[in-house]
Each structure stands twice: as structure tokens, then as C-alpha cells.
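Coordinates in review
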Amino acid sequence: MAHTIVIFGASGDLTSRKLIPALYSLFKKGKLDQVLRIVGVSRSPFEHAAYRDSLRESTEKFTKDLFDAESWEQFSNQIFYHAGDIKEAEDFEKLAGFLTEIEEGEPVGRIYYLSTMPQLYLDAIQQLGAAGLADDSDGFRRVIIEKPFGTDLGSAQFLNEQIHKVFREDQIYRIDHYLGKETVQNMFALRFANSIFEPIWNRNYVDHVQITVAEEVVIGRRAGYYDGSGILRDMFQNHILQLMMITAMEPPARYDSSLVRDEKVKVLHSVRKMIGGDFATNTVRGQYKGYLNEEGVPANSQTETYAALKLYCDNWRWKGVPFYLRSGKGMSCRTTQIVIQFREVPHILFGQKTRAPMGNRLVIQVQPAEGIQLHFESKVPESEMKTRTSTLDFDFNASSTGGMPDAYQRLLLDALLGDASLFARSDEVELAWGIIDPIIAAWSSPAAPELHQYQTGQWGPTESNQWMADQHREWFDVC
Ligand code: BG6
């Protein structure tokens, strides 16, 4: 059965930088078994040929060595453009007619990709329903929804309720592009395809977990979105909690979308709710110096561009083990890493001063370095019994043929294949908001913890380091 992907928001950045390059890469690698038609929908008028041409340059740029003119010709022949306004019911009827025409009346599987402004998601869904475009009696109908999915628990619940009036949950694919990253998926392999890590992956051996998503970039021209969002909504509710779920979840019985997501959801259920003084003691908030001068940012903005949280999972495996989560814009470097810090040995035989206090640490580098390091103590040669920290280093990239695929390749392919394991389910999204909302509320209240300023190009506010030191721990800051 042929497939059609209808992209709403066809003239947007995501379409040209990510979606079309990802689909072209899949085509070029021979991963698309069926005919794939792509229909871009936006308001501005475009001829098919002009639309194809407008995508060529960005596709070439973002697929680099993979690109060649001949295969682009073949691939882009199946790209169409249809002008339409998401607010206009009539335009959806025309779209339905256009789809039937290009699909030549054959049964096809269709994906509707919502890559518009989030304020339009609901209109698009309702119009699809009203125009009969969600009817899957002669081929699947799926909808992919970009983040942000709501701006708080209430809005996410409302969105879910309304979408469920048109699409069943198994037709809905909520994107979190972090789940499409190869190194994130490798966490499943590391944890569940090895017998050596799982026995020590718990409170008996793990002192704490650190999850860092640091970005060197500042907000640039995104103030319109960012200032109303802040880092908790932008990075924690989705990407960082996803990384935490995959780190903390129990093994599912099978690698199956329902079972995987059931286990992830259990992690969110176990996260201890912060109350009272917890918001001050278990969180750090910061704003980079210069944020208030960014174009479009109000002079008195209290929006945070850095956050560090200490969360606990109150369950059998993790009780008492802190999960330190942090993310910031304007940091020293771009790095995403998960650090499993193991406990100290029960009894120290050798000279304490010469050894790292907690030498056993597993570092999972998600990006831009992609690999795993295991730190352990070894003897300093030609010393008495002095030890030093040594590292076993695995480079994920070096073991793959060709470069790492972009996250969207995997996610688009999975959506075509009907595998929702790497997409967020409705309960997952709502539970995540349920964790983040109270922190946002506490940070917006008169009793909010101080918003610490930090210099760009550093590891966030110095108070965050002090906060760790007060807990006899330290951030693992490695670029
Ligand atoms: C997006 C956020 O979801 O993720 C951005 O809105 C952030 O603010 C981006 O920069 C980070 O993604 P990546 O893949 O570059 O780590």
C-alpha cells in the first residue's frame, strides 16, 4: 500500500531543515518500501515545481554526502503542494479531493504531520475529522504532533480530550525528537541487552543520577516563544523527563510500544511531589546575563534559562537515590549526558587522598559526542598502592557505518511502520506536566527561589555548584 504524508506548516523551518531531509535520506537509503507521496500544506500559493525547488537546497545542505541530483529528482517528483488555511473548512474539503486525485483512488496509508504553530493543532485536528480525513477504513490514518503538547496539565488534558474525539490513541504520534536519537535508543540496549549493568542499576549501588542537557546557544530570535515558556516547559517537561524515564524504568516484558510506555509511565507515577520548602531546597533557577537585552524580551522578565532539579522516584528500585536534572542555554558547550554515579566502596584500603572520592561512574554521552565511558579506579604504575581514575571508552559513532542518522529519520519511519514506542502517550504527557506545573507555579509565586544570574559560556549559576557541594556532590562537567 502506498503512503502519503501531509505536512501542515509546509513552508516552515522544520519542514525544510528536518522533515524533507529525513524523508529523502530514508528514500536514498532504500528504507521506504512503498511509494511515498508528500503533500505540503500552507497558506501561501506555490506551484508544485516551485515548492520542490524551494526544498532542494536545504535538503542538499542537511543530507550532505548522501545527496545526489538524480535521486532527488526521483524523490521530489512525489512532492506536491496544496495551498490551504487550517481555519477554513472548505480548504480541507479541497485537500481531501486533491489527495484522492494524486492517490488515484487507491487505498493508501496516510500520515498528517502537524508542524504548524501549536495554537493551530486543535483546528487542524477538528478540520481533518470534519472532512472525513481521519476515517481509516481503507488505509491507516495517523497524526504526528510536534511539541509543545499543551502549556500545562490543563491545556494538555483538553488537547488530548479533543483529539480523542477524532483520532484513537493508537493513531496519535506525539513527537519528542530526543527519543529518535540513536544514543537515547542505545540506552535500551545498554540496559536490557546486557546482564552486567542491570544488577547494579538500583539504590544498592547507585549514589545518584545526573542528567544534563547543556546548550551553548542562547535564545537568539526566539523570545516570542521562549519568554512565555522558559526552560522547564521547553526542555524538562519533555526531553529531560524522557531521558529520566528511560534511565529509571523497569524492563518491559517485550519491546512493544504499549509495554515500553507502560513502564515509562510508572516512573512518572513514582516521582515524589514537591511540597512546601522543597521548591527552594530541591531546585535552582538561573537566567544568563544579557537575556534581558535579547530582542523581544521584556526588561523585567523573570523567565529562567537554566534550571536544576532534584527529583526522587519513590519506588522499590530507586528509593532515596536523587536524580539531578539540569539544563541551560548559554552554557560552556553543547552536551547531553546521563551520568550514573555509583556508590563509594564500603571500606577504603588504600591512601584516601590520592583517589577520587567516588570513582565508579558510567557516563552515557547522548550528543554531540556519542558514546559511553566507564570510569573506575586503577593503580598508578610504579606507585605504592595509589589509585587513579581510568576510563573505558566506547565511541558509538565509530562502530556505525556512515554518520548517525538524524532523529527524524527514525521517528518518521516508525510512524510509517506503525510503531509508537518512541512517541509519547497521552498519560505520559499529562503526568510529565503534573510534575513540572507545581514547580512553575512555585517559581512564579512571591516566594519563588532567587533567579540567579550567570555568565554565558559557563556551567550555569555558581549557586548551582554550591547547591551540589552542600549535598556533598558535584556536577560532572565535561565537554
Ligand atoms: C527543542 C527546544 O525542543 O530542543 C530548543 O525547543 C532546544 O530550545 C532543542 O534548543 C534542543 O534540541 P537538540 O536536538 O539540539 O538537543
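See the structure shown above.
Now for a look at the structure at hand. All figures in this text were calculated on a predicted structure; none of them were measured in a lab. (Residues numbered from 1 in each chain as written. Predicted model: local features only at pLDDT ≥ 70, side-chain atom pairs only at ≥ 80, totals over all residues. Heavy atoms only, no water.)

Turning our eyes to something else, we now look at the pattern of salt bridges. Here the structure, examined in full by the defined rule, presents 25 salt bridges. The closest approach of N and O atoms between D170 and R168, which form a salt bridge, is 2.9 Å. For the salt bridge of D477 with R326, the shortest nitrogen-to-oxygen distance reads 2.7 Å. Placement of the pair is D477 in the segment after helix 13 (462–470) and R326 in strand 10 (residues 322–328), with a sequence separation of 151 residues. In this structure D477 comes out as partly exposed when scored by relative accessible area, which is 29%. Through salt bridges with shared partners, one network takes in K147, E215, D234 and K329. (Salt bridge = Lys/Arg side-chain N within 4 Å of Asp/Glu carboxyl O. Helix = DSSP H or I, 4+ residues; strand = E, 2+ residues; numbered from the N terminus. Buried < 20%, exposed > 50% of the residue type's maximum accessible area, 1.4 Å probe, protein only.)

All right, on to the site of the ligand then. Around the ligand, the surrounding shell consists of K147, H177, Y178, K181, E215, R222, D234, M235, H239, K329, R334 and Q367. One of the side-chain N or O atoms of K181 is found 2.6 Å from an oxygen atom in the ligand. E215 places a side-chain nitrogen or oxygen 2.5 Å from an oxygen atom of the ligand. Summarising the interface, the protein chains cover 80% of the accessible area of the ligand, which totals 400 Å² for the free molecule. Element by element, the count of residues in the shell around the ligand is highest for helix 8 (residues 223–248), at 3 residues. Across the shell around the ligand, the residue classes break down as 2 nonpolar, 3 polar and 7 charged. (Near = heavy atom within 4 Å. Polar contact = N/O pair within 3.5 Å; in protein donor to acceptor, adjacent residues only side chain to side chain. Areas by Shrake-Rupley, 256 points an atom, 1.4 Å probe, with all protein chains shown as cover. Nonpolar A, V, L, I, M, F, W, Y, C, P; charged D, E, K, R; others polar.)

Tracing the backbone through its elements, the reader meets D176 in the loop between strand 6 (172–174) and helix 7 (182–192). Although D176 is buried, it forms no salt bridge, and the closest oppositely charged side chain is K147 at an N-O distance of 7.7 Å. Leave out the neighbours within four places in its chain, and D176 touches N238, H239, Q242 and L411. (Lys, Arg positive; Asp, Glu negative; His and termini not counted. Contact = heavy atoms within 4.5 Å.)

This part is about the sheet that holds strand 13 (residues 371–379). The pairing of strands in a sheet comes from backbone hydrogen bonds and takes either a parallel or an antiparallel form. A sheet is described by the order of its strands in space; here 9 strands give the open sequence 14-13-12-11-7-10-9-8-15, paired in mixed fashion. Both outer strands of the open sheet, strand 14 (387–395) and strand 15 (451–454), are each paired with one neighbouring strand and no more. Each neighbouring strand pair of the sheet contributes to a mean axis angle of 20 degrees, computed without reference to strand direction. Bridging between strand 11 (residues 335–342) and strand 12 (residues 361–367) involves 6 bridges; their strand directions are antiparallel. (Pairing = 2+ DSSP bridges. Axes fitted to C-alpha atoms, helices over the stretch in contact; angles between N-to-C directions.)

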